[in-house]
Amino acid sequence: MMHQATLAYNEALVRRAALAFVWHTCGPLFVIGVAFIAVSLGWLLAAGDYSWHTGSLATCLLFVVAMAASLYVTHYRSAMVKLRNMGTPLAGLVAEDSNFSMTTAIGRNTLRWASITTVWCLPGFWMCFFSKAQFFIIPLASVSPEMQAFMRVRVQAAGGKVIDKSEAGMRVKRAVTNPTN
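Here is what the cut-offs are and how they apply
- Residues numbered from 1 in each chain as written.
- Predicted model: local features only at pLDDT ≥ 70, side-chain atom pairs only at ≥ 80, totals over all residues.
- Heavy atoms only, no water.
- 1 Å grid on protein atoms, 1.4 Å probe; cavity = no way out; pocket = protein on both sides within 12 Å on 5 of 7 lines; lining within 4 Å.
- Points joined across faces, edges and corners; volume = space filled by probe spheres on them.
- Helix = DSSP H or I, 4+ residues; strand = E, 2+ residues; numbered from the N terminus.
- Nonpolar A, V, L, I, M, F, W, Y, C, P; charged D, E, K, R; others polar.
- Core = buried A, V, L, I, M, F, W, Y, C linked by side-chain atoms within 4.5 Å.
- Buried < 20%, exposed > 50% of the residue type's maximum accessible area, 1.4 Å probe, protein only.
- Contact = heavy atoms within 4.5 Å.
- Polar contact = N/O pair within 3.5 Å; in protein donor to acceptor, adjacent residues only side chain to side chain.
- Pairing = 2+ DSSP bridges.

Enquirer: Even after reading the chapter, I still don't get the layout of surface pockets, so can you show me in this structure?
Expert: Taken as a whole, the largest pocket encloses approximately 740 Å³ of empty space. For the largest pocket, the lining is made up of 26 residues, of which K82, M102, F135, F136 and I137 are closest to its centre. Broken down by secondary-structure element, the contributors of at least two residues to the lining of the largest pocket are α1 (11-46), α2 (52-85), β3 (99-104), β4 (107-112) and β7 (135-139). Looking at the lining of the largest pocket, the element that brings in the most residues is α2, giving 5 residues. The residue makeup of the lining of the largest pocket, split by class, is 17 nonpolar, 7 polar and 2 charged.

As structure tokens, this is what we get:
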């Protein structure tokens, strides 16, 4: 069986994907940790503590914020270079039983489904991962529900994971894991 779609890319999609990558990689515990460090640092400075402990805490805060920012900037810039190199920001996606192909103005790539280790399903787009930090984006505006279902099945059959990271999917997961809510 063969499914086809024309994918349209834009800067807003690239930005959303880079932010989603950072958010889902670092997670809410990262934000809580940064907030805790910032509050602790503020408390120490307000109390007049300018010891090396306070300096270490400030350095730690700066370091973790810089790491998250560099993670975003790295993925955003890389994706923007690819978007600009495409010329026309359109790609053809063909999904077949044994493989899938992406075709743009600069070339065509055909891969087996097993090359996708994980798919993050987000509102409006998917992020398909080859490794922990290498992914490509599939905007879903022109991908039919049948094609989406077919692709989910093919990725899972090849050993990949499909994870619903949309807000609705997260609510469903919480309800299933904690039915008292």
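What follows continues from the structure just given.
Enquirer: In this structure, what is going on with the nonpolar core? I would like to understand it.
Expert: Across soluble globular proteins, nonpolar side chains have a tendency to be buried as a group. The biggest cluster of nonpolar side chains holds 40 residues, and the ones touching the most others in it are L7, Y9, M127 and I138. Residue contributions to this core peak at 6 residues, all from α1. Not counting residues up to four positions away in its chain, the partners in contact with M127 are A17, A20, F21, T118, V119, W120, L122, F135 and F136. Judged by nonpolar contacts, the second largest core, of 5 residues, contains I37, L41, L61 and V64.

Enquirer: Explain the side chain of S101 to me, please; I cannot follow it from the model alone.
Expert: Within the secondary structure, S101 is located in strand β3. Of note is the side chain of S101, whose polar atom sits 3.1 Å from the side chain of R108. In terms of polar contacts, S101 uses its side chain to reach the side chain of T110, at 2.8 Å.

Enquirer: Whenever I open this one, the pairing of strand β2 (residues 90-95) confuses me. Can you help?
Expert: In the sheet, strand β1 (residues 3-8) pairs with β2 via 6 bridges, with the strands oriented antiparallel. If you follow H3 over to β2, its bridge partner there is A95. Alignment of β2 against β3, held across 4 bridges, turns out to be antiparallel. By the bridge assignment, V94 is partnered in β3 with S101. Once β2 ends, the chain turns through 3 residues before running back antiparallel as β3.

Enquirer: How should I be thinking about the pairing of β3 in this particular structure?
Expert: If a strand is regular, its side chains alternate between the two faces of the sheet. With 6 bridges connecting them, β3 and β4 associate as antiparallel partners. Counterpart to M102 in the pairing with β4 is N109. Counted between consecutive antiparallel strands, the loop separating β3 from β4 contains 2 residues.

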